[in-house]
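# Close look at the chain arrangement
The lines below spell out each chain.
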Amino acid sequence: MLSYSMLYPVNSDRRTSLSLDGLWRFRLDFEQVSGKENWKCGIKSDDLIPVPASFQDFYTDKKIREFTGDAWYEKDVTVPSSMKGSDVFLRFGAATHRAEVYLNGEKVGENEGGFLPFLVDITEHARYGEQNKITVRVNNELTETNIPCGRTITLSDGRKMTKPYFDFYNYSGLQRSVYLLSVPKRSIFDVDLSYEINGRDAVVRYSIKTKGEGDISLTLKDEEGNIAGLANGKEGCLSVKDAHLWQVRSAYLYTLSIEMRDGDSLLDDYSMEIGIRTVEIKGENILINGSPVYLKGFGKHEDSDIVGRGFNIGAMKRDFELMKWIGANSFRTSHYPYDETIYRMADREGFMVIDEVPAVGLFESLVNFLDAGTGKGAKSFFSKPTTPVLLKSHLKAVEEMITRDKNHPSVIAWSLLNEPESTDPNSVPYFEKVFSLAHDLDPEKRPRTFAMESNSSPSRCRCHHLSDFISLNRYYGWYILGGNEIVDAEKKFISEMEEWKNLNLNKPFIFTEYGADTLSSEHKIPSVMWSQEYQDEVLQMLHRVFDSYGFVKGEQIWNFADFQTTEGLMRVNGNKKGVFTRQRQPKDSAFLLKKRWESLPLNYKA
Ligand code: CKX
């Protein structure tokens, strides 16, 4: 169990969540002098930077953009004296990839893992009613012992540089919101929920973990504010008559309010929106509320101009509007869990989310998109002396992701790795541990999967038996036999699909990636690779194959929008497989997909 509560920060009668977003002082430790100069007591900088944001794209100096090492952030904050007597925390939504936190020069916490929240307990360290100096050292080096994987080299001029084993830019910094929280000493710590639908009625099973003892009561209210269920005690059921179910693209959210009391006195109160729905896999079908669904949508990134991977609430809103316009109903949080606001929006808009842990780059290659796309380059990633340390970080991220996201109705599945080297015999015990932890932690026992690249073929992949549904990332017509050879790409694709079919897995398949790099500036008849006409041709070819296999129960194109990557010969200022540009305007393929997705019913191929 985690040492701190992952509950989303809220304000209530007994809880205060103060946002510390805004401008922080900022300094990069180019000369690695922060220790000698004692920056933990003060970074001595006038440079102000926005939080949340990645630091890279604000500056005009390439040495800053490509900086690898320690980035220091600092802010002076008054901790209100009204917080005295409560437990007081600093909550970081994400510090990429590791952080040390100091309060008034004293180390108060640290964390490794750049895409999930962590809390630092400052109850005994804060000066109440006075200004406190928060100083954070954020390190963005990549290693093979933390996810996502990569390595860090040193250039001839002494500067460090990251070499990701993944295809997105190594944006870093304080990329999500920071809060100052006060939580009662005896408090609600965690909430587990699961659902059962019986005809028109539903049962919400719950289990509440608390810190300290107290009497628990629960009230469930519908969207009109009417009481839909009441219960007492730490564990039990709420019976809901005539339940409004959370449905795909037609969400219904109840508000669950939890109170913890000691006699008449209110110790803690916490409210959250929940959706009543079930998720299960039956044979080749994915069922939501017992009915088969077909997934249409995207692999995405948190990526936008200027703020990089920093949570961008405007881009988020635009993305949901575009996903609705195009007829999508789902997305995968490739390749890391996203900001919590995005799941809250998905809950409200009725999108299905495949939630992915940041386990990407578990395949040693600096051009992983080429090696993985074509089936070359596998070594023995899970047989290294460092593998046990990597596994520990991976399990930690799985625990944090599931604890954080388990109560979102939008989350219908866990993706536990992206394009790992599942051909290595040692991948099997590694995967078994990851898959079994996810099962143990999820009160709803949602389906688990991992996204497989071309090396993970029907005959070579050793781990697909662990997946509840099979997720394929396939690039026929792009990395494999692109351009004029597309006719052979289709044949090769069909022959792989026939191999899968012959395995009789009796599981649903989803294409979690497919597509082609496309420049929004390029049009050409007849088509050439990189032109918009070619992107359409590839999609038409792939859709033909998807449509001819009944067990294919979803398609999530790569990618929603063009995104930033490490620079290189194969990347024109980023990966251009977006259906939308990075500025969120449509390429031609957006209209092709809109026509297709609006015509495919939710229960397509049921
Ligand atoms: N899949 C064959 C992982 C994504 C990449 C995508 C690409 C690869 C392809 C692997 O993170 O961006 O190359 O476009």
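## Looking at the overall build of the protein chain
Helix and strand counts for the protein chain stand at 9 helices and 32 strands. Here the protein chain has a C-alpha radius of gyration of 24 Å; the compact-globule value for 606 residues is 25 Å, and the two agree. Seen along its three principal axes, the alpha-carbon backbone of the protein chain occupies a region of about 70 × 70 × 45 Å. Scored against the burial criterion, the 606 residues of the protein chain give a buried share of 62%. Long-range contacts, defined as pairs at least 24 residues apart, comprise 72% of the intrachain contacts of the protein chain with a sequence gap of at least 6. In the form shown here, the protein chain has an accessible surface area of approximately 22700 Å², with 49% of it arising from carbon and sulfur atoms.

## Examining the sheet that holds strand β3 (residues 48-51)
Pairing in this open sheet of 6 strands is antiparallel, and the strands run β3-β2-β4-β10-β7-β8 from one edge to the other. Two strands lie at the open edges of the sheet, namely β3 and β8 (106-112), each paired on one side alone. Sheet twist, expressed as the average angle between the axes of neighbouring strands with direction ignored, equals 30°. Summarising the sheet, strand β7 (residues 98-103) and β8 pair through 6 bridges and their orientation is antiparallel. The residue of β8 that forms the bridge with Glu100 is Glu110.

## Things to note about the sheet that holds strand β9 (residues 118-121)
Pairing is antiparallel in the open sheet, where 4 strands are placed in the order β1-β14-β5-β9. A strand with exactly one partner marks an edge of an open sheet, and here the two such strands are β1 (16-19) and β9. Averaged over all pairs of adjacent strands, the angle between their axes in this sheet comes to 25°, without regard to strand direction. Relative to strand β14 (residues 178-183), strand β5 (residues 87-92) is paired through 6 bridges, and the arrangement is antiparallel. Within β14, the position partnered with Val88 by the bridge is Ser182.

## Considering helix α8 (residues 532-547)
With 16 residues, α8 extends 23 Å between its outermost C-alpha atoms, agreeing within 8% with the 22 Å of an ideal straight helix rising 1.5 Å per residue. Considered for burial, the residues of α8 that qualify are Gln532, Tyr534, Gln535, Asp536, Val538, Leu539, Met541, Leu542, His543, Val545 and Phe546. Contacts from the buried residues of α8 go to α7 (486-502), β31 (509-513), β32 (552-558) and α9 (588-599).

Procedures and definitions
- Residues numbered from 1 in each chain as written.
- Predicted model: local features only at pLDDT ≥ 70, side-chain atom pairs only at ≥ 80, totals over all residues.
- Heavy atoms only, no water.
- Helix = DSSP H or I, 4+ residues; strand = E, 2+ residues; numbered from the N terminus.
- Rg over C-alpha atoms; globule rule 2.2 N^0.38 Å.
- Buried < 20%, exposed > 50% of the residue type's maximum accessible area, 1.4 Å probe, protein only.
- Contact = heavy atoms within 4.5 Å.
- Areas by Shrake-Rupley, 256 points an atom, 1.4 Å probe, with all protein chains shown as cover.
- Pairing = 2+ DSSP bridges.
- Axes fitted to C-alpha atoms, helices over the stretch in contact; angles between N-to-C directions.
- Expected span 1.5 Å × (residues − 1).

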